[in-house]
Amino acid sequence: MTVDKEMLAQFLLRMGDNTLVLGHRVSEWCGHAPILEEDIALANTALDLIGQTQLWLGHAADVMGEGKSADDLAFLRDVWDFRNVLLLELPNGDFGQTLMRQFLFDAFQSILLPRLMKSTDAEVAAIAAKASKEAAYHVERSADTVVGLGDGTEESHARMQAALEYLWPYVGEMFASDEVDAAMAAAGIAPDPATLRDEYDALVGKVLAEATLSIPSDGFAHKGGRSGKMHTEHLGHMLTQMQWLQRAYPGNTW
Amino acid sequence: MERTVANTSPASVAQIWDWLDKVPDPEIPVISLVDLGVIRDVAYDGDTLVVSVTPTYSGCPATGIINMDIETALRDHGVSKLELRRKLAPAWTTDWLSDKGRAAMQEFGIAPPQPTGGPKKCPNCGSQHVEKLSQFGSTPCKAQWRCTACLEPFDYFKCI
């Protein structure tokens, strides 16, 4: 079955913008983490995410067929063209909040990517096979850290509970499917994310229970990032940092 | 008129593999790129030599250096028509590390990957009493461990 190229490009931008925006956010910790081992771990995680971004945005650029590169898409698009979920563009907060967000996203990726390995799009399947190994490693660490800090001291527990309450309203967007997802599902390229929710709730529920943290009961979800309808004010600020060199010196290379 | 044989007959595929097995990994120079398992295929497409290379981790900064080192080595051996292809699937796995590479790594002080997910023994003193310090290390492919017998920290090559 042939798929609408614009729809496929949208799907690939969502995949690549998620890893790009989170990769950049995590890289902001480089040199600032509480201990050396965590600094290295965060930098390594960011590196994996940026590497995955090169593959997703590279494929997106090929599908778009306008002669652009992954770098063009990363550094020369404006806020309104980004398709990442809002969760990932939020500022890092403290170390606990950063790792809570990492866990909430890693858990999603660890469920989505193995399914993408069976995609009818061979390149999507190949990228997913590569990325899912890294996501499995990431979720192991972020889940361990969430449990360690949640079921830790009174102070760390309180911070992790606050982080969960702040971030939870952004989780629902990952599962808010639309016509792009319907087209991907019909073409066998990607599953409808709404169908992954039960498995996600089971995984996240198990880890957060072990971390002695309570999931907020309110099901409200902030949306708009993956559909491109709206972003938070934070993304624009982040892009001024991430894109400044290509904006100030267009076409500059190493 | 004399003919220079070296310039007219292309090197055999076996010869190319042999040359590539002399190209060190840029981050763990005691093992070769062939030992690392990133060279997936060597073949001629007409008179062009095509070398297929797979990345270890998708964001590994050594990937660019590896391609450059392959090109430099083969050009030094007189290969003029060369194409490097990125081969993403099947995804790289530490199962592809050669036995020679594993032994060299251990000798160098890096514990080779184990299916159990942790090092079998300390690469310095051989003790089996080891503990994990961090799941991540100095390069994307390594984690940090410590020996509780000799107290030396060491790198462990992650099993993926």
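Calculation rules
- Residues numbered from 1 in each chain as written.
- Chains lettered and ligands numbered in written order.
- Predicted model: local features only at pLDDT ≥ 70, side-chain atom pairs only at ≥ 80, totals over all residues.
- Heavy atoms only, no water.
- 1 Å grid on protein atoms, 1.4 Å probe; cavity = no way out; pocket = protein on both sides within 12 Å on 5 of 7 lines; lining within 4 Å.
- Points joined across faces, edges and corners; volume = space filled by probe spheres on them.
- Helix = DSSP H or I, 4+ residues; strand = E, 2+ residues; numbered from the N terminus.
- Nonpolar A, V, L, I, M, F, W, Y, C, P; charged D, E, K, R; others polar.
- Pairing = 2+ DSSP bridges.
- Buried < 20%, exposed > 50% of the residue type's maximum accessible area, 1.4 Å probe, protein only.
- Arc of directions from axis to C-beta.
- Contact = heavy atoms within 4.5 Å.
- Phe/Tyr/Trp six-rings, centres within 6.5 Å; stacked < 30°, edge-to-face > 60°.
- Lys NZ or Arg CZ within 6 Å of the ring centre and 35° of its normal.
- Domains from an automatic or database assignment.
- Buried area = accessible area lost by both parts, 1.4 Å probe.
- Polar contact = N/O pair within 3.5 Å; in protein donor to acceptor, adjacent residues only side chain to side chain.
- Salt bridge = Lys/Arg side-chain N within 4 Å of Asp/Glu carboxyl O.
- UniProt positions renumbered as here; feature names shortened; annotations may be inferred.
- Core = buried A, V, L, I, M, F, W, Y, C linked by side-chain atoms within 4.5 Å.

Q: How should empty space enclosed by the protein be read in this particular structure?
A: The rolling of a water-molecule-sized probe over the atoms marks out the regions of remaining empty space. Across all of its chains, the model carries three cavities of 30 Å³ or more by this definition. For the largest cavity, the calculated volume is near 160 Å³. Lining the largest cavity are 14 residues, with Phe11, Met15, Phe108, Leu112 and Arg226 of chain A sitting closest to its centre. Those elements that place two or more of their residues in the lining of the largest cavity are helix 1 (5–27), helix 5 (95–116) and helix 8 (179–186) of chain A. Element by element, the count of residues in the lining of the largest cavity is highest for helix 1 of chain A, at four residues. Looking at side-chain class alone, the lining of the largest cavity contains ten nonpolar, one polar and three charged residues. In this model, the second largest cavity occupies a volume close to 120 Å³. In terms of lining residues, the second largest cavity is bounded by 15 residues, among which Asp25, Leu36, Thr56, Cys60 and Ile66 of chain B are the most central. The biggest single contributor to the lining of the second largest cavity is helix 4 (residues 62–76) of chain B, with three residues. In terms of residue class, the lining of the second largest cavity is built from ten nonpolar, three polar and two charged.

Q: Looking at this structure, I do not really get the sheet that holds strand 6 (residues 142–147) of chain B. What am I missing?
A: Hydrogen bonds along the backbone pair up the strands of a sheet, which may run parallel or antiparallel. Residues and elements named next belong to chain B. If you trace the four strands from one edge of the open sheet to the other, you get 4-7-6-5, paired in mixed fashion. Every other strand in the sheet has two partners, leaving strand 4 (110–111) and strand 5 (130–134) as the edge strands with one partner each. Looking at chain direction, strand 4 and strand 7 (residues 153–157) are connected through two bridges and run parallel. If you follow isoleucine 110 over to strand 7, its bridge partner there is aspartate 155.

Q: Explain helix 2 (residues 13–20) of chain B to me, please; I cannot follow it from the model alone.
A: Note: α-helices contain 3.6 residues per turn, so residues at a spacing of three or four share the same orientation. Residues and elements named next belong to chain B. Within helix 2, burial applies to Ile16, Trp19 and Leu20. All buried residues of helix 2 project into a common sector of 95° when viewed along the axis, lining one side. Residues of helix 2 that are buried in the fold lie against helix 3 (33–36), strand 1 (39–45), strand 2 (48–53) and helix 4.

Q: Please clarify how the packing of aromatic side chains should be interpreted in this entry.
A: For any pair of aromatic rings, geometry is given as the distance between the ring centres together with the angle between the planes. Residue and element names in this part refer to chain A. By the definition in use, this model includes nine aromatic pairs over all chains. Between phenylalanine 108 and phenylalanine 175 the ring centres are 5.4 Å apart and the planes differ by 90°, which places this aromatic pair in the edge-to-face class. In this pair, phenylalanine 108 sits in helix 5 while phenylalanine 175 sits in the loop between helix 7 (154–167) and helix 8, placing the two residues 67 residues apart along the sequence. Each member of the pair, phenylalanine 108 together with phenylalanine 175, is buried. Here arginine 77 stacks its cationic end above the ring of phenylalanine 82, 4.4 Å away from the centre of that ring.

Q: Explanation requested: the domain arrangement of chain B in the structure shown.
A: The accessible area lost on association of the parts is a frequent measure of interface size. All names here are of chain B. Per the domain assignment, the segments making up chain B are domain 1 (11–95) and domain 2 (109–157). Each of domain 1 and domain 2 has a C-alpha centre, and the two are 28 Å apart. Of the residues lining the interface, eight residues belong to domain 1; the matching set on domain 2 comes to seven residues. Both sides of the domain 1 and domain 2 interface together cover about 590 Å² of buried area, and 85% of this is carbon and sulfur. Viewed at the interface, domain 2 and domain 1 are joined by zero residue pairs in polar contact (both at pLDDT 80 or more). Per-class residue counts for the side of domain 1 that touches domain 2 are six nonpolar, one polar and one charged.

Q: What exactly am I supposed to notice about the side chain of threonine 45 of chain A here?
A: Locating threonine 45 of chain A in the fold gives a position in helix 2 (residues 36–64). On the basis of relative accessibility, which here comes to 3%, the residue threonine 45 of chain A falls in the buried class. When near neighbours in sequence (up to four residues on either side) are disregarded, threonine 45 of chain A contacts Val26, Gln102, His138 and Arg141 of chain A together with Phe136 of chain B.

Q: Can you help me understand the interface of chain B and chain A in this one?
A: Contacts between chain B and chain A engage 23 residues on the former and 22 residues on the latter. Buried surface at the junction of chain B and chain A, both sides included, amounts to about 1,900 Å², of which 60% is carbon and sulfur. It is Ser58, Gln135 and Phe136 of chain B in chain B that bury the most area against chain A; as a group they hold 36% of the surface buried on that side. Here chain B is connected to chain A by one salt bridge.

Q: What exactly am I supposed to notice about the side chain of aspartate 121 of chain A here?
A: In this fold, aspartate 121 of chain A is placed in the loop between helix 5 and helix 6 (122–150). Of note is the side chain of aspartate 121 of chain A, whose polar atom sits 3.0 Å from the backbone nitrogen of glutamate 123 of chain A.

Q: Any chance you could explain the UniProt feature "domain: MIP18 family-like" (unreviewed entry) in chain B here in plain terms?
A: Annotation from UniProt places "domain: MIP18 family-like" (unreviewed entry) at residues 14–75 of chain B. The span residues 14–75 of chain B is 40% helical and 21% strand by assignment, and the distance between its end C-alpha atoms comes to 16 Å.

Q: Please clarify how the nonpolar core should be interpreted in this entry.
A: Side chains of nonpolar character tend, in soluble globular proteins, to be buried together. Membership of the largest hydrophobic core comes to 78 residues, with the highest contact counts inside it found for Phe11, Met100, Phe103, Leu104, Leu116 and Tyr200 of chain A. If one sorts the elements of this core by residue count, helix 5 of chain A sits on top with twelve residues. With sequence-adjacent residues up to four places away left out, leucine 104 of chain A is seen in contact with Leu87, Leu167, Trp168, Val171, Met174, Tyr200 and Val204 of chain A. Core analysis: the next-biggest nonpolar cluster, separate from the first, contains 31 residues, Leu20, Tyr57, Ile70 and Leu74 of chain B among them.

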